[in-house]
Amino acid sequence: MNLPNALRFELGSFPLACGETVSAAQLDYRVFGELNRERSNLVLYPSSYGAWPEDIAWVVGTILDPSEHCVVLVSQFGNGRSSSPSNGGPPLRQGGWPIDHRDNLRAQIRLLEEVFGVERPALVYGWSMGAQQAYHWAVIEPQRPQRICCVCGTARTTPHNRLFLLSLRQALSADPAWNGSGFDAVPEQGLRTFALIYASWAASQAYYCRGAHRELGYDTVEHYVEDSWLPAYRRHDPRDLIAMLDVWLANDVAAAAGTSLAVALGRIQAATAVVAGRHDLYFPPADCAHEAALIPGATFHVLESDLGHRAGNPRQAPAEQAQLRAVVDELLSR
């Protein structure tokens, strides 16, 4: 599928949930398919960590049908395409980046209302950090989304997942190029450590045990990280990598709603599908199942796969794609 042209939604002076204001805020988005006359077929797909539209657009046509739905793929704040430290967005600071998912939600609501005239998307679909945004839609604005599909992501970042994120942040900020609010040079050692940590978490033990990296042509895991994982992060401004980590660290729909997790998830009115990966180390099935049990009428599904966290973004894995498509088709039939 050809990637549609990048579109930009100018938010202007944008007040943040923390009380600060971003001048000239903007969202990057792409549109696949057409909005119907009733404006009832819009599917919103918020981006995941480090993902640019070209990385995740494969979902359109494979999981989300653009002949039936108008699919809007929106870049979250901090990913280098929407407002980010690298392009004039809020800078990094000692206490963390000031944007969180409440701000992504409010910006996306404005995008749908002001550009598409849509108040109630048919579906908010998201993987990983995209799932976190889908949860925020359903909890903070329960009357808006008709459906949500949360793939390999949780409504609140767990303590164990927090340790993973802190290790990534430390990998970058411990590099000699870090100056407290940015980098004086490319943090080469920091990025290599970052990639090593990411590769050990995102793919599962079972994935490496069967030698999947060798099937891809890499004789060692070191070679695999150097040639496959490191380039994916080196292409980003490292300030943006830290900004997105800070948003992930702050992810908590209960805190955003000012209540307990049980009460927050109990507010969800949208038809909900929660999808976990069998070997996901970030968001294990038990964590996802616990949250699904708190959502009225939610269905819970497990992707049978050794891809680990990447089972939820199976760009080149037809078996996992078929499992996801079945979940989405069932959800859209409700």
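Asks: Please explain the overall build of the protein chain as it appears in this structure.
Replies: Looking only at helices and strands, the protein chain has 14 helices and eight strands in total. In summary, the protein chain has a C-alpha radius of gyration of 19 Å against a globular reference of 20 Å for 334 residues, a match within 12%. Principal axes of the C-alpha set define a box for the protein chain whose edges measure 55 × 45 × 45 Å. Here the protein chain holds 334 residues, and 57% of them are scored as buried.

Asks: Mind showing me how you'd approach the side chain of S48 here?
Replies: Inspection of the secondary structure assignment puts S48 in the loop between β3 (42–46) and α1 (53–56). In this structure S48 comes out as buried when scored by relative accessible area, which is 2%. Other than its neighbours up to four places away in sequence, S48 contacts I56, Q76, W127, S128, M129 and G130.

Asks: Would you mind going over the pattern of salt bridges with me for this structure?
Replies: Pairing is possible between side chains that carry opposite charge, provided their charged atoms lie close to one another. Here the structure, examined in full by the defined rule, presents 18 salt bridges. Notably, a salt bridge pairs E54 with R81, separated by 2.8 Å at the nearest N-O pair. Of the two residues, E54 sits in helix α1 while R81 sits in the loop between β4 (70–74) and α3 (101–116), which places them 27 residues apart along the sequence. Overall, E54 belongs to the partly exposed group, its relative accessible area being 32%. Judged by its relative accessible area of 22%, R81 is partly exposed. Of the charged contacts in the structure, one is a salt bridge between E114 and R110, with a shortest N-O distance of 2.8 Å. You can see E114 and its partner R110 sitting in helix α3, four residues apart, about one turn around the helix.

Asks: I tried to follow the packing of aromatic side chains on my own but got confused; where do I start?
Replies: When we look at a pair of aromatic rings, we describe it by the centre distance and by the angle of the planes. This structure, assessed with the given rule, holds 23 aromatic pairs. Both rings, one in F14 and one in F77, keep their centres 5.9 Å apart while their planes meet at 55°; by these two values the pair is tilted. With F14 in strand β1 (residues 7–15) and F77 in the loop between β4 and α3, this pair connects stretches of sequence that are 63 residues apart. Judged on exposure class, the residue F14 and its partner F77 are both buried. Both rings, one in F194 and one in Y233, keep their centres 5.0 Å apart while their planes meet at 65°; by these two values the pair is edge-to-face. With a gap of 39 residues between them, F194 in helix α6 (residues 188–202) and Y233 in helix α9 (residues 221–234) connect regions that are remote in the sequence. A residue is classified by how much of its surface remains accessible, and F194, at 0% relative accessible area, is buried.

Asks: When you look at the side chain of T154 in this model, what are you seeing that I'm missing?
Replies: Its place among the elements puts T154 in the loop between β6 (147–151) and α5 (159–173). Beyond its immediate stretch of four places on either side in the chain, T154 contacts Q132, Y135, N251, F283, D287, C288 and E291.

Asks: I would appreciate a short explanation of the nonpolar core in the present structure.
Replies: In a soluble, globular protein the nonpolar side chains are often hidden away together inside. The biggest cluster of nonpolar side chains holds 114 residues, and the ones touching the most others in it are Y125 and Y198. Setting aside residues no more than four positions away along its own chain, Y125 makes contact with L44, Y45, P46, V59, I63, L64, C149, V151, L324 and V328.

Asks: Explanation requested: the pairing of strand β5 (residues 123–127) in the structure shown.
Replies: Two faces make up the sheet, and in a regular strand the side chains alternate between them. Most of β5 sits out of view: five of its five residues are buried. Residues L123, Y125 and W127 of β5 are buried on one face, and the alternating residues V124 and G126, pointing to the opposite face, are buried as well. Inspection of the sheet shows β3 paired to β5 by two bridges, in the parallel sense. Within the sheet, the bridge partner assigned to L44 lies in β5 and is V124. In this sheet, β6 lies alongside β5 in parallel orientation, the contact comprising four bridges. Across the sheet, G126 pairs through a bridge with C150, a residue of β6.

Asks: So what exactly am I meant to see when it comes to the environment of G190 here?
Replies: When you line up the elements, G190 lands in helix α6. Along the chain, G190 and L168 lie 22 residues apart, while their C-alpha atoms are 8.8 Å from each other. When residues no more than four places from it in sequence are discounted, the contact partners of G190 are A171, L172 and D175.

Asks: Honestly, unusual backbone geometry in this entry has me stumped. Any pointers?
Replies: Keep in mind that most residues, glycine aside, have a negative phi and that most peptide bonds are trans. Positive phi outside glycine occurs at S128, with the angle close to 60°. Of note, S128 is situated in the loop between β5 and α4 (129–140). Residue S128 is classed as buried on the basis of its relative accessible area of 2%. A positive phi angle, near 50°, is found at C152, a position not held by glycine. Given a relative accessible area of 0%, C152 falls into the buried group.

Conventions used here
- Residues numbered from 1 in each chain as written.
- Predicted model: local features only at pLDDT ≥ 70, side-chain atom pairs only at ≥ 80, totals over all residues.
- Heavy atoms only, no water.
- Helix = DSSP H or I, 4+ residues; strand = E, 2+ residues; numbered from the N terminus.
- Rg over C-alpha atoms; globule rule 2.2 N^0.38 Å.
- Buried < 20%, exposed > 50% of the residue type's maximum accessible area, 1.4 Å probe, protein only.
- Contact = heavy atoms within 4.5 Å.
- Salt bridge = Lys/Arg side-chain N within 4 Å of Asp/Glu carboxyl O.
- Phe/Tyr/Trp six-rings, centres within 6.5 Å; stacked < 30°, edge-to-face > 60°.
- Core = buried A, V, L, I, M, F, W, Y, C linked by side-chain atoms within 4.5 Å.
- Pairing = 2+ DSSP bridges.

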